[in-house]
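Structural characterization, general
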Amino acid sequence: MYRRVIIFSCLFVLGGCIYNNEPVPQIVYNHSSSTSKFVLPKVVKPKPIRKQVNYNVPADWLPPSGLEKRWTAIVIHHSGTENGNSAIFDRWHREGRHWDGIGYDFVIGNGTDSGDGQVEVTFRWRKQLTGAHCKTPQNWANEDAIGICLVGDFNKTAPTARQMQSLLKLIRFLQRRYSIDQSRVFGHNTTPGARVTDCPGRLFPMSRLKSSLGY
Ligand SMILES: [Zn+2]
């Protein structure tokens, strides 16, 4: 019995930020009536996909053209763990959460269980599925935003230089392909409608990243 409890606790702790972000819609009280309402994030109309550009990126970053969705935003996460990779998070999310697999589209390694700066593409991106990385009212972020997870606990250490280089290259590719403005590149904690969280960590250099992005 105790062993079961310990195993369950470990899975919970190791699960990273996703486990701490159950959907909690933001509620605003309307004082003119007794009813309350959801605050919906700004609806952004998707732009056409720019398929003819030579992106010069790894082939697996390009989704199958017959399935490709018109994404409108990007959400950045940290794993909240010191180590990990796509396969490890996939197992946690299947076994710990009983999801259909890893919640993110991309995982960027930190040299522990995958290469430092290595970009792993998950089944979610290959099949262009709705994500499971950021709950919001009406699930807009999982539906419309691409989820990128960097391995690491950025409340304790900053991401590696190679992780940031890969992240920048990946975001620039996604921005160009889907015409995503840099104002639509969010940390989990600044995603409209997302529950309060410190993900992607206090040491994640969001303002430096934003200043490096075009559009
Ligand atoms: Zn997160």
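Residues numbered from 1 in each chain as written. Predicted model: local features only at pLDDT ≥ 70, side-chain atom pairs only at ≥ 80, totals over all residues. Heavy atoms only, no water.

Digging into helix H5 (residues 161-178)
- With 18 residues, H5 ought to run about 26 Å at 1.5 Å a step, and its terminal C-alpha atoms sit 26 Å apart, in line with that.
- Within H5, the full set of buried residues consists of Gln-163, Met-164, Ser-166, Leu-167, Leu-168, Leu-170, Ile-171, Phe-173, Leu-174, Gln-175, Arg-177 and Tyr-178. (Helix = DSSP H or I, 4+ residues; strand = E, 2+ residues; numbered from the N terminus. Expected span 1.5 Å × (residues − 1). Buried < 20%, exposed > 50% of the residue type's maximum accessible area, 1.4 Å probe, protein only.)

As for unusual backbone geometry
- Look at the link from Cys-199 to Pro-200: it is a cis peptide, with omega at 10°.
- Checked against the element boundaries, Pro-200 lands in the loop between strand E7 (185-187) and helix H6 (206-212).
- The phi angle at His-98 is positive, at roughly 60°, despite the residue not being glycine.
- Looking at where His-98 falls in the secondary structure, it is placed in the loop between helix H2 (86-97) and strand E4 (106-110).
- Of note in the backbone geometry, Ser-179 takes a positive phi value of approximately 50° without being a glycine.
- With respect to the element layout, Ser-179 can be found in the loop between H5 and E7.

Section: H2
- With 12 residues, H2 ought to run about 16 Å at 1.5 Å a step, and its terminal C-alpha atoms sit 15 Å apart, in line with that.
- Within the sequence span of H2, burial applies to Ser-86, Ile-88, Phe-89, Asp-90, Trp-92 and His-93.
- Measuring from the backbone nitrogen of Ala-87 back to the side-chain oxygen at the start of H2 gives 3.1 Å, which picks out Asn-85 as the cap.
- Just downstream of H2, His-98 is the residue with a positive phi angle, here 60°. (Polar contact = N/O pair within 3.5 Å; in protein donor to acceptor, adjacent residues only side chain to side chain.)

Things to note about the pattern of salt bridges
- Following the criterion strictly, the structure yields four salt bridges and no others.
- Arg-124 is paired through a salt bridge with Asp-100; the nearest N and O atoms lie 2.8 Å apart. Taken together, the positions of Arg-124 in helix H3 (residues 123-126) and Asp-100 in the loop between H2 and E4 put the pair 24 residues apart, joining distant regions of the chain.
- When the shortest N-O distance is used, the salt bridge between Lys-156 and Asp-153 registers 3.8 Å.
- Given a relative accessible area of 57%, Lys-156 falls into the exposed group. (Salt bridge = Lys/Arg side-chain N within 4 Å of Asp/Glu carboxyl O.)

Focus: the environment of Phe-123
- For Phe-123, the position within the fold is in helix H3.
- Taking the C-alpha atoms as reference points, Phe-123 and Ser-86, 37 residues apart in sequence, are found 9.8 Å from one another.
- Every residue in contact with Phe-123, bar those within four places of it in the chain, is listed here: Asp-90, Asp-100, Gly-101, Ile-102 and Leu-129. (Contact = heavy atoms within 4.5 Å.)

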